[in-house]
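Structure assessment
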Amino acid sequence: MDPALPPTDSAAIRRRNLGLVLRHIADHGPCARTEVAAATGLAHGSVTALVADLTDRGLLREDDALRSGTRGRPGRPLRLAPERAVVAAIQITSEQLRVAVCDLAGAVVGRETVPHELAPGAPEDMADLVAAVVTRIGDTAADDLGRGPVLARVVVAMAGPVRDDAAQTVVVAPDFGWMRPVGLRELITDRLPDSAVAVDVVNDANAAALAEFHALKRDSRGLVLIEAGTGIGGGVVLDGRIHTGSHGIAGEPGHVPVAMDGPDCVCGARGCLVCYAGPEAVFATAGLADLLHDKGLQAAQASLLTLLAAGDARATAAIDTAAQALSAAILSITALLDADEVVLGGLLADWFPWLAPVVDARLTGRRALAPGLDLRITPSALGADGIVVGALGFARRAILSDPSAVPPLPAATRS
Ligand SMILES: [Zn+2]
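Worth saying up front: this structure is predicted, and the values here are computed from it rather than measured.

We now examine helix H3 (residues 44-56). Here H3 spans 18 Å end to end across 13 residues, near enough to the 18 Å set by a 1.5 Å rise per residue. The complete set of buried residues in H3 reads Val47, Leu50, Val51 and Leu54. The buried residues of H3 occupy one face: seen down the axis, they fall within an arc of 105°. Exposed residues on H3 whose side chains face more than 90 degrees from its buried face are Gly45 and Ala52. Phi for Gly58, located one or two positions after H3, is positive at around 80°.

Okay, here's the thing in structure tokens:
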């Protein structure tokens, strides 16, 4: 230990090194200590001590010695013990909580939906509900001997910008009637027993964007998710991380202006993407405004898809307008961010076969000017499940990066 470092820093360094070792073994295991040392740049003695710590926590196990043809003591390969801890994702909607639990290998071990009828504008009531669900998941996971699995992390995803600071403040959430900043993380944590699981709060579309990024089976540095649901939302992932911006409101493609003289938008600007490609605009142009109002989004969407398939002129014109606006927004966004993937989600994924040719044509000029520009536009791979999948991934990577959240196994139960 470097005596010049304050104790908190050396503890932080040890936590980081535990994470380096565990992440490498989780991603590349089974592997020997020498391989871990070479890959992480840590000294062999440090790796041995860190592996012992992780084994005490029940997060690693040793395979039988490899039968190798070479001389010398064979290495005992290490692998992740994924069943030692679970993480949970809780997506809050105005009607229900969507809950999923997975182990450290990402295998989903439980799912449920918890309906609620909470009145809008009462974040304390929402915190009560979430805390009760978290407590129940923790109690269900644990066994009496303390061998686990322990509930190691919970990520709550909801609509509304979330500041990327220690408090993870929800800036505003009109869908829930929260018109002032809400410290949801603190509200939930205050309702959990001492030393209970760490909770994170993230924006739902950001979680979905991260999930789409990890679902890509190719190298990509930047991804922009644009999805239409009740409005148009989205998220930005740069170099593998969610980009939340200075105020937590980055990744709102719905309010990228696409027309200087367009209609006034609720956001205070004019001619935003949502004014042309948002569900209300598209269904109105397609002649389905009454259906949307009377029967809801799903009925209007089903009708629109039928009309599009039949080549209906108004439906086709509505999607064409949406596609022109979407193209302008994509050109603006990618000019600024140089992202190489644009994923269209929600209603936009269903409209993709009609949107894609128009968007492709509008991008031709930019592509001709920069032949190396490799910009792919694809429909969402994960659909509505992306939010929960993204939140689970966020939670799982948090534990693999900082395994100190998982306590040592009780001495009597260690093998
Ligand atoms: Zn706007």
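One can describe the packing of helix H6 (residues 204-215) onto helix H14 (residues 386-401) by two numbers: an axis separation of 7 Å at closest approach and a directional angle of 80°. What the angle tells us is that H6 and H14 run roughly perpendicular. Between H6 and H14, the residues in contact are Asp204, Ala207, Ala208, Leu210, Ala211, Glu212 and His214 and Gly386, Ile387, Val389, Gly390, Ala391, Gly393 and Phe394, respectively. Across the contact of H6 with H14, the residue classes break down as eight nonpolar, four polar and two charged.

Another point: the sheet that holds strand S7 (residues 198-203). Taken in spatial order, the five strands of this open sheet run S5-S4-S3-S6-S7, and their pairing is mixed. The sheet is open, and its two edges are formed by strand S5 (108-115) and S7, each paired on a single side. Taken over all neighbouring pairs, the strand axes of this sheet differ in orientation by 20° on average, direction set aside. Sheet strands in contact with H6 are strand S3 (85-92), strand S6 (150-158) and S7, and its direction is about 90° off that of S7.

Each value, and the rule that gives it
Residues numbered from 1 in each chain as written. Predicted model: local features only at pLDDT ≥ 70, side-chain atom pairs only at ≥ 80, totals over all residues. Helix = DSSP H or I, 4+ residues; strand = E, 2+ residues; numbered from the N terminus. Expected span 1.5 Å × (residues − 1). Buried ≥ 20, exposed ≤ 12 C-beta atoms within 10 Å, placed from the backbone. Arc of directions from axis to C-beta. Axes fitted to C-alpha atoms, helices over the stretch in contact; angles between N-to-C directions. Parallel < 35°, antiparallel > 145°, perpendicular 65-115°, else oblique. Contact = placed C-beta atoms within 7 Å. Nonpolar A, V, L, I, M, F, W, Y, C, P; charged D, E, K, R; others polar. Pairing = 2+ DSSP bridges.

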